[in-house]
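# Descriptive structure summary
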Amino acid sequence: MHTIGRFAPSPSGRMHLGNVLCALLAWLSARQQNGEFLLRIEDLDEMRCPRSFAELIIDDLRWLGLDWDGEIPYQSERTAVYEQYEAILREKGLLYPCFCSRAALHAASAPHLSDGRVVYAGTCRDLTPEQVAEKRRKRAPATRVRVPERTITFTDGVYGAYTETLTEECGDFIIRRSDGVFAYQLAVVVDDGLSGVTEVVRGHDLIGSTPRQIWLYELFGFTPPKFIHIPLLCDHDGRRLSKRDEDLDLGLLREKFTPEQVIGALACAAGLTDTAEPVSAKELVKAFSWEKIPKHELYLPNVFRDIEKN
């Protein structure tokens, strides 16, 4: 089977080292298999994802030597496509309006999972047309999809077997926000499905989204890709890197390091090399193997220890 991998960043800020690691591993995997590597910009929320950040990500990837194939789609320009697949779910009778606020959901007695997620209690699932009309006068609804009582299992490329029962650990989930913006869960499935993506590499924090996405793939008639969730990259104190905390980003790193130094350090952190010696992405392709990637959290190499936050 011809491999098609991808990197799909959300341009809500400059890429940090965790984002770069994900891009690097996805690129290495696709290139080692002589496959294609796609780039997609996940800017569904245009207010949080200005085009200027997308342009920086594109420039940073070029600087790192991580090339891609084909044009770059922007999710903000694909609303009409997502509406076609929303219509499929509507025709199946799976959608309903939800008027619950985020605060109300977290204050409710619905199950809270260990990672903080709230399993939706179905508050708005069986509202009458009259009740919906009354609530619409006060608040614009989001759109939720009804999930079946079904257990989905898949084999992750790093972590192995993962199982989730949709009704118990997912619940009916939002596919379109109250402001009309499509949710990640629907958009990512549609875009990967239409692009023929066969391999999805992303952070372990997203593994819980995979069962519901596999279910959507099947509903839309797509073949689910192979999923590979990578360990999260943490700072020296064990805190996960994030854009919100303004952690090491490419703007700062490009002032102090070469692309080869950045890639070499990340390759060492991921277990691909024994030392953090500078190396180009192309030089890593032949030696790349998913079997080398550990299941535990990864830590910043010492070469970055003394650099302060941007």
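Notes on the structure in this doc start here. (Residues numbered from 1 in each chain as written. Predicted model: local features only at pLDDT ≥ 70, side-chain atom pairs only at ≥ 80, totals over all residues. Heavy atoms only, no water.)

### Remarks on the packing of aromatic side chains
The description of two aromatic rings rests on the distance between their centres and on the angle between their planes. Selection rule: Any two of the Phe, Tyr and Trp rings considered here, Trp counted by its six-membered ring, make a pair once their centres fall within 6.5 Å; the pair's planes then place it as stacked at under 30 degrees, edge-to-face at over 60, or tilted in between. Helix numbers and strand numbers start at the N terminus; a helix is a DSSP run of H or I with at least 4 residues, a strand a run of E with at least 2. Summary of the burial criterion: residues with accessible area below 20% of their type's maximum are buried, those above 50% are exposed, and those between are partly exposed, where the area comes from a 1.4 Å probe applied to protein chains only.
Tallying each qualifying case throughout the model produces 10 aromatic pairs. Where Phe154 meets Phe227, the ring centres are 5.9 Å apart and the plane angle is 65 degrees; that geometry is what we call edge-to-face. Taken together, the residues span a long stretch of sequence, with Phe154 in strand S5 (residues 151-156) and Phe227 in strand S9 (residues 226-230) at a distance of 73 residues. A relative accessible area of 7% means that Phe154 is categorised as buried. Among the aromatic side chains, those forming a connected cluster through ring pairs are Tyr85, Phe154, Tyr162, Tyr217, Phe220, Phe222 and Phe227.

### Focus: the sheet that holds strand S4 (residues 142-145)
What counts here: Any two strands with at least two DSSP bridges between them are considered paired. Angles run from 0 to 180 degrees between N-to-C directions of axes, and those axes are lines fitted to C-alpha atoms, restricted for helices to the stretch in contact.
Strand order in the open sheet formed by three strands is S3-S4-S7, with antiparallel pairing between adjacent strands. Two strands lie at the open edges of the sheet, namely strand S3 (95-98) and strand S7 (173-176), each paired on one side alone. Strand after strand, the sheet turns through a mean of 50 degrees between neighbouring axes, direction not considered. Pairing of S4 with S7, which is carried by three bridges, proceeds in the antiparallel orientation.

### So, the pairing of strand S1 (residues 4-7)
Note the cut-off: Looking down the strands as they point away from you, a crossover is right-handed if its path from the first strand over the helix to the second goes clockwise.
Judged by which residues are buried, S1 turns out to be covered on both faces: Ile4 and Arg6 on one side and Gly5 and Phe7 on the other are all buried. Pairing between S1 and strand S2 (residues 36-39): four bridges, direction parallel. Considered in S2, the bridge of Arg6 is made with Leu38. Handedness of the crossover is the feature at issue here: the chain leaves S1, passes through helix H1 (residues 17-32), returns alongside S2, and the resulting connection is right-handed.

### Observations regarding the packing of helix H3 (residues 79-91) against helix H7 (residues 184-195)
For the record, the criterion: Each angle is binned into one of four classes, with values under 35 degrees roughly parallel, values over 145 roughly antiparallel, values of 65 to 115 roughly perpendicular, and all other values oblique. Should any heavy atoms of two residues lie within 4.5 Å, those residues are considered in contact. We call Asp, Glu, Lys and Arg charged. Ala, Val, Leu, Ile, Met, Phe, Trp, Tyr, Cys and Pro are nonpolar, and the rest, Gly among them, are polar.
Contact pair H3 / H7: the axes reach a minimum separation of 10 Å and the direction vectors enclose 105 degrees. Between H3 and H7, the crossing angle belongs to the class labelled roughly perpendicular. Taking contact as the criterion, the partners of Val81, Tyr82, Tyr85, Glu86 and Leu89 in H3 are, on H7, Leu186, Ala187, Val190, Asp191 and Leu194. Its residues placed into classes, the contact of H3 with H7 shows eight nonpolar, no polar and two charged.

### Re the nonpolar core
Buried together is how nonpolar side chains tend to be arranged in soluble globular proteins. Here is the rule: Working definition of a nonpolar core: buried Ala, Val, Leu, Ile, Met, Phe, Trp, Tyr and Cys residues. They are joined through side-chain atoms within 4.5 Å.
Counting 51 residues, the largest nonpolar core has Leu17, Leu61 and Trp290 as its most contacted members. The set of elements that each furnish at least two residues to this core consists of H1, S2, helix H2 (51-64), S9, helix H9 (250-256), helix H10 (259-269) and helix H11 (281-284). When residues of this core are assigned to their parent elements, the largest contribution, 11 residues, is made by H1. Apart from residues no more than four positions distant in its own chain, Trp290 is found in contact with Leu25, Ser29, Val158, Val201, Ile228 and Ile230. Of all hydrophobic cores here, the second largest spans 33 residues; its members include Val145, Ile152, Leu186 and Phe222.

### Quick word on the pattern of salt bridges
Our working definition: For salt bridges, the criterion is a side-chain nitrogen of Lys or Arg within 4 Å of an Asp or Glu carboxyl oxygen.
Overall, the coordinates contain 21 salt bridges when judged by the stated rule. Across the pair Arg40 and Glu42 runs a salt bridge, and its minimum N-O distance is 2.9 Å. We note that Arg40, like Glu42, is buried. Through salt bridges that share partners, Arg6, Arg40, Glu42, Arg78, Asp191 and Asp192 make up one connected network.

### Describing the side chain of Glu86
Applicable threshold: We define a polar contact as two N or O atoms separated by no more than 3.5 Å, with the added condition that, inside protein, one atom must be a possible hydrogen donor and the other a possible acceptor, whereas residues neighbouring each other in sequence contribute only through side-chain atom pairs.
Note that Glu86 resides in helix H3. Its relative accessible area of 8% is what places Glu86 among the buried residues. Among the polar contacts listed, one links the side chain of Glu86 to the side chain of Arg176, at a separation of 3.0 Å. With residues up to four places along the chain from it excluded, the contact list for Glu86 reads Leu95, Thr143, Ile175, Arg176, Phe182 and Leu186.

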